[in-house]
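Next come the chains, spelled out residue by residue.
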Amino acid sequence: MDIKLTQIFSNVSLNLGIKHKIVSEYYSYKHIKNTARAKKGILYVRVSDKLKDAPLEIKEALAYILLSKIKGTRVAPRYKRTYNDFIHELIINEPSDITSGLHKPIGIYFDLEEIFYCINNNYFSNEVPTPALRWSKKKAYRIFGRYDRAKNEIIISRLLDEKKTPRFVIEYIMYHEMLHIKFGFTYKKGRRRVHTRQFKKEDEKFPFYTESIDYLKEISGREKRSLF
Ligand SMILES: [Zn+2]
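Values in this document were obtained by computation on a predicted structure and should not be read as measured data.

Caption draft 1: Spotlight on the overall build of the chain. What the chain contains, in helices and strands, is seven helices and eight strands. The long-range fraction of contacts in the chain, counting pairs at least 24 apart against all pairs at least 6 apart in sequence, stands at 50%.

Structure (structure tokens):
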């Protein structure tokens with residue numbers, strides 16, 4: 001049992017008027033997944049260990065989502081939004097390493113250089129200095145794009161270099177990573193923050209923002225079943 005996590009869930013369950021005793025733990029699911037089930041008056045909660053370092057507000061939002069379901073009441077939209085925003089960030093730009101390797105920006109179906117120039121022209125008045133651009137060596141299925149500040153390099157998962165990938169999805173990831181070049185990062189409460197409110201506002205301005213996120217969510221789910 002994780003005491004801190006259990007405390008968070010217990011507080012939320014009190015607020016929701018749930019009488020169960022809570023037992024919670026982090027669990028190493030392959031993908032981000034969280035479960036809650038009631039058994040003999042005890043509520044067993046399992047939270048993906050990928051959320052271990054998530055801020056308190058994310059864990060609270062998750063508690064409201066899971067426990068509202070148990071109670072059969074509607075989840076307040078702000079909790080869903082808070083949680084989903086966080087997950088999207090994890091999906092799109094996980095800080096862990098996207099496998100390195102020297103690869104050219106020209107893929108089989110998409111040329112990252114051409115897409116970069118196009119996005120720079122359409123959304124950034126050509127003001128973003130050209131970084132190194134390449135496809136990842138491996139077909140990363142949870143980390144779709146990454147901006148490596150030290151190397152000044154944008155890497156996009158080779159998984160997306162497919163005929164079926166809508167061009168707007170690659171354009172969106174390029175746009176997102178270019179925003180990282182534009183905005184840099186700030187510190188808040190000792191944590192390095194890259195997805196600031198201002199960043200998110202700009203990110204959501206991309207015309208196919210929702211469609212791109214939905215597509216990435218879908219393929220990260222589908223890949224899971226085909227890989228394991
Ligand atoms: Zn990002």
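Caption draft 2: Summary view of the sheet that holds strand E5 (residues 145–148). Ordered by their spatial adjacency, three strands build an open sheet running E4-E6-E5, and the pairing between neighbours is mixed. With one partner strand each, in any of the chains shown, strand E4 (132–135) and E5 form the two edges of the open sheet. Strand-to-strand, the axes of this sheet are offset by a mean angle of 15 degrees, without reference to chain direction. When E4 meets strand E6 (residues 153–156), the two strands line up parallel, connected through four bridges. Its bridge partner being in E6, Ala132 is matched across the sheet by Glu153.

Caption draft 3: Fine view of the nonpolar core. Counting 27 residues, the largest nonpolar core has Ile156, Ile170, Met174 and Tyr175 as its most contacted members. Where this core is concerned, the elements lending two or more residues are helix H4 (112–123), E4, E6, helix H5 (167–183) and helix H7 (209–227). Here this core gets eight residues from one element, more than from any other, and that element is H5. Those residues within four positions of Tyr175 in sequence are excluded, and the remaining contacts are Ile119, Tyr123 and Phe206.

Caption draft 4: Region of interest: the confidence of the model for the chain. Averaged over all residues, the pLDDT of the chain equals 85, while 86% of them reach at least 70. A low-confidence stretch, residues 222–228 (pLDDT under 50), is modelled with five contacts involving residues beyond four sequence positions or located in other chains.

Caption draft 5: Highlighting the packing of H4 against H5. Running from N to C, H4 and H5 point in directions that differ by 65 degrees, and their axes come no closer than 10 Å. Between H4 and H5, the angle is such that the two are roughly perpendicular. Crossing of H4 against H5: the hand is right-handed. In contact with Ile115, Phe116, Ile119 and Tyr123 of H4, H5 contributes Ile170, Glu171, Met174, Tyr175 and Met178. Looking at the contact of H4 with H5 residue by residue, the class counts come to eight nonpolar, no polar and one charged.

Caption draft 6: A look at helix H2 (residues 56–71). Taking 1.5 Å per residue as the helical rise, H2 with its 16 residues ought to reach 22 Å, and the 22 Å between its terminal C-alpha atoms agrees with that figure. Count one or two residues on from H2 and you reach Gly72, which has phi positive near 80 degrees.

Caption draft 7: Quick peek at unusual backbone geometry. Positive phi values are uncommon outside glycine, yet Ser125 reaches one of about 45 degrees. With respect to the helices and strands, Ser125 occurs in the loop between H4 and E4. A tally of 8 C-beta atoms within 10 Å means that Ser125 is categorised as exposed. Phi is positive for Asn126, close to 60 degrees, though the residue is something other than glycine.

Caption draft 8: Expanded view of the sheet that holds strand E2 (residues 35–39). A sheet is described by the order of its strands in space; here three strands give the open sequence E1-E3-E2, paired in mixed fashion. Strand pairing shows two members of the sheet lacking a second neighbour, strand E1 (21–27) and E2, which therefore form its edges. Adjacent strand axes in the sheet meet at a mean angle of 20 degrees, parallel and antiparallel pairs treated alike. Of the pairings in the sheet, the one linking E2 to strand E3 (residues 42–48) comprises five bridges and is antiparallel in character. Directly across from Ala38, in E3, lies its bridge partner Leu43. Seen against the sheet, H2 touches E2 and E3 and runs at an angle of roughly 40 degrees to E2.

About the cut-offs
Residues numbered from 1 in each chain as written. Predicted model: local features only at pLDDT ≥ 70, side-chain atom pairs only at ≥ 80, totals over all residues. Helix = DSSP H or I, 4+ residues; strand = E, 2+ residues; numbered from the N terminus. Contact = placed C-beta atoms within 7 Å. Pairing = 2+ DSSP bridges. Axes fitted to C-alpha atoms, helices over the stretch in contact; angles between N-to-C directions. Core = buried A, V, L, I, M, F, W, Y, C linked by C-beta atoms within 7 Å. Buried ≥ 20, exposed ≤ 12 C-beta atoms within 10 Å, placed from the backbone. pLDDT = per-residue confidence, 0-100. Parallel < 35°, antiparallel > 145°, perpendicular 65-115°, else oblique. Left-handed = near helix turned anticlockwise from the far one by under 90°. Nonpolar A, V, L, I, M, F, W, Y, C, P; charged D, E, K, R; others polar. Expected span 1.5 Å × (residues − 1).

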